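Structural description and commentary
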Amino acid sequence: MTSAPHPGVPVRVWDLPTRLFHWLLVAAVVGLVITGNLGGNWMTWHQRLGYAVLALLGFRLLWGLVGGRWSRFQHFVCGPGAVLDYLRGRGRPHDEVGHSPLGALSVLAMLAVLAVQVGTGLISDDEIAFVGPLARFVASDTAYAATAFHKGWGKLLVLGLIALHIAAIAYYRLRRGKSLLPAMLHGDKTLPPDTPASADGWRQRLLALAVAVASVAATVAVVNLGHP
């Protein structure tokens, strides 16, 4: 007689630091898009939000090494073969616990594009009202090219990835009956009881605080390079 499958149980997938990072990044990017379009005096806030994104990216890079299990790069970054297997329906048992192979590509693309946007913003010079703090370290032509990319293709890439992210959430909800947002709010997914959970205790959160402080300090140090 075959035993019935064990019902799923709540498993902590997204630790609190990862969830805070996600929603702070969402707020910062939305703010950047709005203030960048408004221009004028709003560019002061655009610059501040850019620094915030730089600190958040630094945090995520470090947290991808020491954070909760499913937030670590080693547990969701995979090669082309794994992506193809996933698309063919031959994925690994834990492919959708955290980020799926396709979701991982989306995450990496977003982090990379935002890093380029922040980098070009730091060296931008629009010859009118905005000069990035590191613009003095590059040639004028480089600063102007960075500004053009930042306002043009860079902005379009960010908006395109945001649209793709929203479309993926809608697809999973409408076509596969899976809602991805609740787990990014409370951290848990209903999964088989043998699924490894992400550490999310006070020790982990104190580590995240230390990583956040280091990321902010590094951001301040980078920005201050432009103020001799």
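Residues numbered from 1 in each chain as written. Predicted model: local features only at pLDDT ≥ 70, side-chain atom pairs only at ≥ 80, totals over all residues. Heavy atoms only, no water.

Re the pattern of salt bridges
Side chains that carry opposite charge are capable of pairing whenever their charged atoms lie near each other. The criterion, for reference: Here, a salt bridge means any Lys or Arg side-chain nitrogen found within 4 Å of an Asp or Glu carboxyl oxygen. Every helix listed is a DSSP run of H or I at least four residues long, and every strand listed is a run of E at least two residues long, numbered separately from the N terminus. Each residue gets one of three labels from its accessible area relative to the maximum for its type: buried under 20%, exposed over 50%, partly exposed in between, using a 1.4 Å probe on protein chains only.
Taken as a whole and judged by the stated rule, the model has four salt bridges. One salt bridge in this structure joins aspartate 200 and arginine 19, with 3.3 Å as the shortest N-O distance. Of the two residues, aspartate 200 sits in the loop between β2 (188-191) and α8 (202-224) while arginine 19 sits in helix α1 (residues 16-38), which places them 181 residues apart along the sequence. Neither aspartate 200 nor arginine 19 differs from the other in exposure class; each is buried. A salt bridge links aspartate 200 to arginine 205; the shortest N-O distance between them is 3.1 Å. Via salt bridges that share partners, Arg12, Arg19, Asp188, Asp200 and Arg205 belong to a single interconnected network.

Let's talk about the layout of surface pockets
Over the atoms, a rolled probe matching the size of one water molecule traces out where space is still vacant. Stated precisely, the cut-off is as follows: Both cavities and pockets are sets of points on a 1 Å grid over the protein atoms alone; in a cavity a 1.4 Å probe fits but cannot get out, in a pocket the set is open with protein on both sides within 12 Å along at least five of seven lines, and lining residues sit with an atom within 4 Å of a point. Grid points are joined across faces, edges and corners, and a volume is the space filled by probe spheres set on the points.
Empty space within the largest pocket amounts to approximately 1,400 Å³. Along the walls of the largest pocket sit 47 residues, with His22, His99, His165, Ile169 and Leu180 positioned nearest its centre. Listing elements by their share of the lining of the largest pocket, those giving two or more residues are α1, α4 (101-122), α6 (153-174), α7 (181-186) and β2. Counting residues per element, the lining of the largest pocket draws most heavily on α6, at nine residues.

Some details on α4
Helical periodicity: at 3.6 residues per turn, an α-helix aligns residues three or four positions apart in one direction. As a reminder, the rule being used: Multiply 1.5 Å by the residue count of a helix minus one, and that product is the helix's expected span.
If you check α4, its first and last C-alpha atoms are 32 Å apart, about what 22 residues at 1.5 Å a residue would give, namely 32 Å. Among the residues making up α4, those that are buried are Pro101, Ala104, Val107, Met110, Leu111, Val113, Leu114, Gln117, Val118, Thr120, Gly121 and Leu122.

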